[in-house]
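Tertiary structure, described
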Amino acid sequence: MLPQLMNPDNFKDSSNRSLIDYIMDNVLSITQLTKTSDFNKIKAQILNGLTVLFIDKCSEALIMETRGFEKRNIDRPITEQVVKGSQEGFTENLRTNITLLRRIIKNEKLITEIIPTGSYNAPIV
């Protein structure tokens, strides 16, 4: 969608129609587009993994279905069984695991921070 939005040739015929309507009808080839001005709905859709396009000086935004989830789900660990506590095991990389968590916990107050810990150890010569 970004190449379509960045190509100035796609906007040559944008007459005095609303820019957001023109983008929906003529620029983007995504079939699942929704136009809204309700910010609470926009926040909920972002937390659900959808993409939102905001345009300067437009009172509405475009919500686009662009989700792509990992094939594997969070599953019980086979090698490390626990009796009490969490039954989930993450097998993907950190960013993918955060995405999997966000798919389950849809709350705007869930904040993730990546903080480096430790230090680089130089090889002993």
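What counts and how
- Residues numbered from 1 in each chain as written.
- Predicted model: local features only at pLDDT ≥ 70, side-chain atom pairs only at ≥ 80, totals over all residues.
- Heavy atoms only, no water.
- Salt bridge = Lys/Arg side-chain N within 4 Å of Asp/Glu carboxyl O.
- Helix = DSSP H or I, 4+ residues; strand = E, 2+ residues; numbered from the N terminus.
- Buried < 20%, exposed > 50% of the residue type's maximum accessible area, 1.4 Å probe, protein only.
- Pairing = 2+ DSSP bridges.
- Axes fitted to C-alpha atoms, helices over the stretch in contact; angles between N-to-C directions.
- Contact = heavy atoms within 4.5 Å.
- pLDDT = per-residue confidence, 0-100.
- Polar contact = N/O pair within 3.5 Å; in protein donor to acceptor, adjacent residues only side chain to side chain.

1. A closer look at the pattern of salt bridges
Tallied over the entire structure, the rule returns three salt bridges. Its salt-bridge partner being Lys35, residue Asp21 comes within 2.5 Å of it at the nearest N-O pair. You can see Asp21 sitting in helix α2 (residues 19-27) and its partner Lys35 sitting in strand β1 (residues 33-36), a full 14 residues away along the chain. Take Lys35: its relative accessible area is 33%, and that puts it in the partly exposed class. Close ionic contact of Glu108 with Lys43 constitutes a salt bridge, the shortest N to O distance being 3.1 Å. Of the two residues, Glu108 is situated in the segment after α4 (94-104) and Lys43 in helix α3 (residues 39-47); the sequence distance between them amounts to 65 residues. Overall, Glu108 belongs to the partly exposed group, its relative accessible area being 45%.

2. Describing the sheet that holds strand β2 (residues 51-54)
Pairing in this open sheet of three strands is antiparallel, and the strands run β1-β3-β2 from one edge to the other. Two strands close off the open sheet at either side, each with one partner strand: β1 and β2. The sheet shows a mean angle of 25° between the axes of neighbouring strands, direction not considered. Here four bridges tie β2 to strand β3 (residues 61-64), and the two strands are oriented antiparallel to one another. Of the residues in β3, the one forming a bridge with Phe54 is Ala61. Across the sheet, α3 lies against β1, β2 and β3, angled at about 140° from β2, the strand it touches most.

3. A word on the pairing of β3
Neither face of β3 is open: one carries Ala61 and Ile63, the other Leu62 and Met64, and all of them are buried. Bridge count for β1 against β3 is four bridges, and the pairing is antiparallel. The residue bridging Lys35 from the neighbouring strand is Leu62, located in β3.

4. With respect to the confidence of the model for the chain
Scored by pLDDT, the chain comes out at a mean of 76, with 73% of its residues at no less than 70. Mean pLDDT values over the elements of the chain span from 78, in α4, up to 90, in β2.

5. A word on the environment of Leu62
Examined against the element boundaries, Leu62 turns out to sit in strand β3. Since its relative accessible area comes to 0%, Leu62 is described here as buried. Separated by 39 residues in sequence, Leu62 and Ile23 have C-alpha atoms that sit 9.2 Å apart. Those residues in contact with Leu62 that sit more than four places away from it in its chain are Ile20, Ile23, Met24, Leu28, Thr34, Lys35, Thr51, Val52 and Leu53.

6. Some remarks on α3
The α-helix winds at 3.6 residues per turn, so residues separated by three or four positions along the chain end up facing the same way. By the N-cap criterion, in which a side-chain oxygen at the helix start approaches the backbone nitrogen of a residue two or three places on, α3 is capped by Asp38, the distance to Asn40 being 3.2 Å. Immediately beyond the C-terminal end of α3, within one or two residues, lies Gly49, with a positive phi of roughly 100°.

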